[in-house]
Amino acid sequence: MNQNDLNDIGRRIGSAALEFAPSHRPTPAQMADAASVLRDMIQATEIHGVTFADFDAVAHFARLAIQLVQARDESR
């Protein structure tokens, strides 16, 4: 994973955050955690030859990462 990939993750998380209604938008901390989750998911699957394009073909993983972090925070 290189800096371009990390920048792309940041852009994807930022764009996905705007899809949420204002009252449900992630906090800056949640966005940072979601970016870390997405980065780690991609890094973990690289050994299997899975790329961002493969993730994109299946689901909106940036939005999913935000929802995951928000669910974690709601359960605390």
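Residues numbered from 1 in each chain as written. Predicted model: local features only at pLDDT ≥ 70, side-chain atom pairs only at ≥ 80, totals over all residues. Heavy atoms only, no water.

### Re the pattern of salt bridges
For the structure on display, the rule yields 7 salt bridges. Across the pair aspartate 73 and arginine 72 runs a salt bridge, and its minimum N-O distance is 2.8 Å. Given the relative accessible area of 29%, arginine 72 is considered partly exposed. (Salt bridge = Lys/Arg side-chain N within 4 Å of Asp/Glu carboxyl O. Buried < 20%, exposed > 50% of the residue type's maximum accessible area, 1.4 Å probe, protein only.)

### Concerning the packing of helix α1 (residues 3–17) against helix α2 (residues 28–45)
The description of two packed helices rests on the angle between their axes and on the distance between the axes. Orientation of α1 relative to α2, taken along the N-to-C sense of each, is 130 degrees, at an axis distance of 10 Å. Comparing the axis directions of α1 and α2 gives the class oblique. For the pair α1 and α2, the sense of crossing is right-handed. In this structure, α1 uses Leu6, Ile9, Ile13, Gly14 and Ala17 to contact α2, whose residues at the interface are Met31, Ala34, Ala35, Leu38, Arg39 and Ile42. (Axes fitted to C-alpha atoms, helices over the stretch in contact; angles between N-to-C directions. Helix = DSSP H or I, 4+ residues; strand = E, 2+ residues; numbered from the N terminus. Parallel < 35°, antiparallel > 145°, perpendicular 65-115°, else oblique. Left-handed = near helix turned anticlockwise from the far one by under 90°. Contact = heavy atoms within 4.5 Å.)

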